[in-house]
Amino acid sequence: DAKTTQPTSMDCAEGRAANLPCNHSTISGNEYVYWYRQIHSQGPQYIIHGLKNNETNEMASLIITEDRKSSTLILPHATLRDTAVYYCIVRPYGQNFVFGPGTRLSVLP
Amino acid sequence: DVKVTQSSRYLVKRTGEKVFLECVQDMDHENMFWYRQDPGLGLRLIYFSYDVKMKEKGDIPEGYSVSREKKERFSLILESASTNQTSMYLCASSLKSQGRTEAFFGQGTRLTVV
């Protein structure tokens with residue numbers, strides 16, 4: 001079972017920041033938080049991951065709370081091409097990726 | 001860039017046929033995975049492999065087998081295809097890690113069994 005809770009869907013205006021929340025209240029100390037997205041009919045695409053520090057790359061920023069029980073993925077300037085299902089995954093030590101239902105993000109013009 | 005390539009985007013097979021889905025990665029990853037994705041059920045792990053000739057069952061291995069003869073190639077085999085195996089199949093690979101390495105996915109194979 002997925003160890004994360006995400007909203008089912010969200011809307012965001014084009015050009016604005018998209019903030020996607022994720023709750024993972026049972027996360028353990030050595031478990032990483034991963035974010036993937038899946039555009040319709042394509043394979044999941046890796047976005048970013050982190051352990052406890054905030055992370056940023058060319059796609060997004062990941063903000064993890066100090067107690068690590070939740071995190072937020074930030075797409076700083078959402079475009080129409082960012083419309084996708086976004087998955088927040090907590091990966092147990094040495095185990096596989098378990099995908100939940102994710103958040104369907106719709107970027108609106 | 002990591003590349004995970006699945007041999008077909010779309011495939012139509014008849015019930016009872018033996019079906020091979022091929023996956024190749026070019027980044028020397030130790031780990032490889034096969035998932036299937038169905039509406040309302042999300043991605044479910046079928047089999048995975050941590051090394052050549054090694055395989056482990058995932059959550060839904062029934063009706064499937066796998067082969068990993070070379071590090072870069074991981075094949076999913078449907079011994080006798082059935083209509084309930086109509087699905088999107090996704091292959092992924094990653095470095096062997098202690099939880100800190102991302103997996104990269106192929107584009108998927110949409111299999112229809114008629």
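Structural data are supplied above this passage.
Treat the numbers as computed from the prediction; the structure is a model and nothing was measured. (Residues numbered from 1 in each chain as written. Chains lettered and ligands numbered in written order. Predicted model: local features only at pLDDT ≥ 70, side-chain atom pairs only at ≥ 80, totals over all residues. Heavy atoms only, no water.)

*Asks:* Hey, could you go over the overall build of chain A for me, with residue numbers and the actual values?
*Replies:* When helices and strands are counted, chain A shows zero helices and nine strands. In chain A, the succession of α and β elements from N to C terminus is β-β-β-β-β-β-β-β-β. Scaling as 2.2 N^0.38, a compact globule of 109 residues should have a C-alpha radius of gyration of about 13 Å, and chain A matches this with 13 Å. Projected onto its principal axes, the C-alpha coordinates of chain A cover approximately 40 × 30 × 20 Å. Taking all 109 residues of chain A together, 47% fall into the buried category. Summarising the internal contacts of chain A: among those between residues at least 6 apart in sequence, 56% fall at separations of at least 24. In the structure as shown, chain A presents an accessible area of about 5,500 Å², 48% of it carried by carbon and sulfur atoms. Distance from the positive charge centre (9 side chains) to the negative charge centre (9 side chains) of chain A: 3 Å. (Helix = DSSP H or I, 4+ residues; strand = E, 2+ residues; numbered from the N terminus. Rg over C-alpha atoms; globule rule 2.2 N^0.38 Å. Buried < 20%, exposed > 50% of the residue type's maximum accessible area, 1.4 Å probe, protein only. Contact = heavy atoms within 4.5 Å. Areas by Shrake-Rupley, 256 points an atom, 1.4 Å probe, with all protein chains shown as cover. Lys, Arg positive; Asp, Glu negative; His and termini not counted. Charge placed at Lys NZ, Arg CZ, Asp CG, Glu CD.)

*Asks:* Can you explain the nonpolar core? Please cite residues and give values.
*Replies:* Residues Leu20, Trp35, Leu73, Leu75, Tyr86 and Leu105 of chain A are the most contacted members of the largest nonpolar core, which totals 21 residues. Of all the secondary-structure elements, those providing two or more residues to this core are β2 (18–23), β3 (32–38), β4 (45–50), β6 (61–64), β7 (70–75), β8 (84–91) and β9 (103–108) of chain A. No other element matches β8 of chain A, which puts four residues into this core. Discounting residues that sit within four places of it in the chain, Leu75 of chain A has contacts with Arg16, Ala17, Ala18, Leu20, Met59, Ala60, Asp82, Tyr86 and Leu105 of chain A. Grouped together as the second largest cluster of nonpolar side chains are 20 residues, Leu11, Ile46, Ile60 and Leu76 of chain B included. (Core = buried A, V, L, I, M, F, W, Y, C linked by side-chain atoms within 4.5 Å.)

*Asks:* So what's going on with the state of the cysteines? Residues and values would help.
*Replies:* The full count for this structure, using the stated rule, is two disulfides over all chains. Bridging Cys22 of chain A to Cys88 of chain A, the disulfide has an S-S length of 2.1 Å. Between Cys22 of chain A and Cys88 of chain A, the S-S torsion sits near -80°, and that sign places the bridge as left-handed. Taken as a pair, Cys22 of chain A in strand β2 and Cys88 of chain A in strand β8 lie far apart in primary sequence, 66 residues in all. Assessed through its relative accessible area of 1%, Cys88 of chain A is described here as buried. Paired by a disulfide, Cys23 of chain B and Cys91 of chain B hold their sulfur atoms 1.9 Å apart. Taking the sign of the torsion about the S-S bond as the criterion, the disulfide between Cys23 of chain B and Cys91 of chain B, at about -80°, is left-handed. Placement of the pair is Cys23 of chain B in strand β3 (residues 19–25) and Cys91 of chain B in strand β9 (residues 87–94), with a sequence separation of 68 residues. Grouping residues by exposure puts Cys23 of chain B and Cys91 of chain B together as buried. Here Cys12 of chain A is not cross-linked by a disulfide; its sulfur's nearest cysteine counterpart is in Cys22 of chain A, at 18 Å. (Disulfide = S-S within 2.5 Å.)

*Asks:* Which residues make up the interface of chain A and chain B, and what are the values?
*Replies:* Every contact between the two is made by 17 residues of chain A and, on the other side, 22 residues of chain B. For the pair chain A and chain B, the summed buried area comes to about 1,700 Å², and 49% of that belongs to carbon and sulfur atoms. On the chain A side of the interface with chain B, the three residues burying the most area are Arg91, Asn96 and Phe99 of chain A, jointly 28% of the side's total. Where chain A meets chain B, there are zero salt bridges. Where chain A touches chain B, the interface holds five residue pairs in polar contact (both at pLDDT 80 or more). When contributions to the side of chain A that touches chain B are tallied by element, the ones reaching two or more residues are β3, β4 and β8 of chain A. The biggest single contributor to the side of chain A that touches chain B is β3 of chain A, with four residues. The residue inventory of the side of chain A that touches chain B, partitioned by class, reads nine nonpolar, seven polar and one charged. (Buried area = accessible area lost by both parts, 1.4 Å probe. Salt bridge = Lys/Arg side-chain N within 4 Å of Asp/Glu carboxyl O. Polar contact = N/O pair within 3.5 Å; in protein donor to acceptor, adjacent residues only side chain to side chain. Nonpolar A, V, L, I, M, F, W, Y, C, P; charged D, E, K, R; others polar.)

*Asks:* Lay out the sheet that holds strand β1 (residues 9–13) of chain A with the relevant residues and their values.
*Replies:* All names here are of chain A. Reading across from one edge, β1-β9-β8-β3-β4 is the order of the five strands in this open sheet, with mixed pairing throughout. Strands at the two margins of the open sheet, each flanked by one partner only, are β1 and β4. In this sheet, adjacent strand axes meet at a mean angle of 25° when their direction is disregarded. As judged from the three bridges shared by β8 and β9, these two strands associate in the antiparallel manner. (Pairing = 2+ DSSP bridges. Axes fitted to C-alpha atoms, helices over the stretch in contact; angles between N-to-C directions.)

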